[in-house]
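Here are the chains, one letter per residue:
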Amino acid sequence: MLKQRVITAVVLLAILLPALFYRTPLPFCAVALVLIAAGAWEWGRLNGCDQVPSVLLGLGSVFLCGFSWYFGLLERPLPVLWTLAGASWVLVGAWLLRQGVAGWSRIPRAVRLSGGLIALWLAWLAVAQARVIGINFLLSVLLLVWVADIFAYFAGRALGGRFSKSKLAPSISPGKSWEGVWGGMAGVVALSVLWVLLDRSGNAGIFSGSLYARLWTLHGAMVMLVAVVFLAAMSVVGDLVESLIKRSAGVKDSSGLLPGHGGVLDRVDALLPTLPLAMMLANLQVL
């Protein structure tokens, strides 16, 4: 299993890193599109579709993303779209977690499929726009999610159950604790402050042009800190929503497309709400 995980990680990095750092956003947006199409296929399978409907769902995601790309949406500010997407994730995410695993199957399949397709399209559009804004901006968003996940894991292992008597969501993801959530939030606060300090040091380099610097400059330190804590919380919501759906489907992983890592959705679940919300925050001054 460990060998599979390492090989898969090396292959993914060998594809993603050159695409990310290429002089134009085109290769990265294309690679992200392939991943989103695979995620859409997985979404169909998780919601009880056979192979053909699942493939059609993947093709539908390619059409939506390609349509957006062709008509230049990657270069246009879309504050209204990102505000609607962000509000939807907050409201629908909270409602889904309140309904629990049993509530997912009560939603009509057509609604589940179309909702997932829209969420995947928005995630691709957000990550593509973030890459168009700049590599540093995109990395600041991706690292926020990764740091939140890493700090949550170690805080949960070390402190889980010591300060809170109840689990975060025992019927959805029994291993997650409130201490893990707080640890993830502490991690992103430290990341954002350190990033801005390095950005303002005069030798910014890769630290310039981040989401954190944009929020600090436009709205002040307090707004930036609240924003990154909010994004960390929503990354947990994305993770829990996918866990809820997998429990409803009775599977451990969204697929076996990434040996040792599960499926594409297993790797991007926390990014699905975080990317559109990051773009919403980045566009606050446009509203």
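Calculation criteria
- Residues numbered from 1 in each chain as written.
- Predicted model: local features only at pLDDT ≥ 70, side-chain atom pairs only at ≥ 80, totals over all residues.
- Heavy atoms only, no water.
- Helix = DSSP H or I, 4+ residues; strand = E, 2+ residues; numbered from the N terminus.
- Polar contact = N/O pair within 3.5 Å; in protein donor to acceptor, adjacent residues only side chain to side chain.
- Contact = heavy atoms within 4.5 Å.
- Salt bridge = Lys/Arg side-chain N within 4 Å of Asp/Glu carboxyl O.
- Buried < 20%, exposed > 50% of the residue type's maximum accessible area, 1.4 Å probe, protein only.
- Phe/Tyr/Trp six-rings, centres within 6.5 Å; stacked < 30°, edge-to-face > 60°.
- Core = buried A, V, L, I, M, F, W, Y, C linked by side-chain atoms within 4.5 Å.
- Axes fitted to C-alpha atoms, helices over the stretch in contact; angles between N-to-C directions.
- Parallel < 35°, antiparallel > 145°, perpendicular 65-115°, else oblique.
- Left-handed = near helix turned anticlockwise from the far one by under 90°.
- Nonpolar A, V, L, I, M, F, W, Y, C, P; charged D, E, K, R; others polar.
- Patch = residues over 30% accessible without salt bridge, like charges linked within 9 Å, V, L, I, M, F, W, Y side chains within 5 Å.
- Areas by Shrake-Rupley, 256 points an atom, 1.4 Å probe, with all protein chains shown as cover.
- Expected span 1.5 Å × (residues − 1).

Colleague: Explain the side chain of Gln129 here, please?
Modeller: Mapping Gln129 onto the fold places it in helix H5 (residues 109-133). Polar side-chain contacts of Gln129 include one of 3.2 Å to the side chain of Trp82. Ignoring sequence-local partners within four residues, the contact set of Gln129 consists of Leu73, Leu74, Arg76, Leu78, Trp82 and Met279.

Colleague: Would you mind showing me how to read the pattern of salt bridges here?
Modeller: For side chains of opposite charge, pairing can occur when their charged atoms come near one another. With the rule as written, the count across this model stands at three salt bridges. The partner of Asp266 in a salt bridge is Lys246, and the shortest N-O contact between them spans 2.9 Å. One end of the pair, Asp266, is in helix H10 (residues 264-268); the other, Lys246, is in helix H9 (residues 221-249), and 20 residues separate them in sequence. By relative accessible area, which is 8% here, Asp266 ends up buried. Taking the relative accessible area as the measure of exposure, Lys246 reaches 12% and is therefore buried. Here the salt bridges do not stand alone but share partners, grouping Glu242, Lys246 and Asp266 into one network.

Colleague: Sorry, what's going on with the packing of aromatic side chains here?
Modeller: Aromatic ring pairs are described here by two measures, namely the spacing of the ring centres and the angle between the planes. According to the stated counting rule, one finds eight aromatic pairs in the structure shown. For the pair Phe67 and Phe71, a centre-to-centre distance of 4.6 Å together with 50° between the ring planes defines the contact as tilted. We classify Phe71 as partly exposed; its relative accessible area is 43%. A centroid spacing of 5.7 Å and a plane angle of 45° characterise the contact between Trp69 and Trp124, whose relative ring orientation is tilted. Linking Trp69 in helix H3 (residues 51-70) with Trp124 in helix H5, this pair joins segments that are 55 residues apart in sequence.

Colleague: Explain the nonpolar core here, please?
Modeller: The nonpolar side chains of a soluble globular protein tend to be buried with one another. Judged by nonpolar contacts, the single largest core of 83 residues is most densely connected at Trp82, Trp124, Leu125, Leu144, Leu211 and Tyr212. Per-element tally for this core: the top contributor is H5, with 13 residues. Discounting chain neighbours no more than four positions away, the residues touching Leu125 are Ser68, Leu73, Leu74, Leu78, Leu81 and Trp82.

Colleague: Would you mind showing me how to read the packing of helix H6 (residues 135-159) against H9 here?
Modeller: One way to put it is that H6 packs onto H9 with a least axis distance of 10 Å and a crossing angle of 65°. When the axes of H6 and H9 are compared, the pair comes out roughly perpendicular. In this structure, H6 meets H9 at a crossing whose hand is right-handed. Facing Leu144, Val145 and Ala148 of H6, the residues of H9 in contact are Val228, Leu231, Ala232 and Ser235. Classifying every residue of the contact of H6 with H9 gives six nonpolar, one polar and no charged.

Colleague: Explanation requested: a nonpolar patch on the surface in the structure shown.
Modeller: Judged by side-chain polarity, Trp146, Ile150, Phe151, Tyr153 and Phe154 come together as a nonpolar surface patch covering roughly 560 Å² of accessible area. Of note, Tyr153 is situated in helix H6.

Colleague: Where do I start with helix H7 (residues 178-199) in this structure?
Modeller: For an α-helix the count is 3.6 residues per turn, leaving residues at separations of three or four pointing the same way. In this model H7 runs 32 Å from its N-terminal to its C-terminal C-alpha over 22 residues, within 8% of the 32 Å that 1.5 Å per residue would give. For H7, every residue scored as buried is listed here: Glu179, Gly180, Val181, Gly183, Gly184, Gly187, Val188, Leu191, Ser192, Trp195, Val196 and Asp199. Buried residues along H7 sit in contact with H6, strand E1 (167-169), strand E2 (173-177), helix H8 (211-219) and H9.

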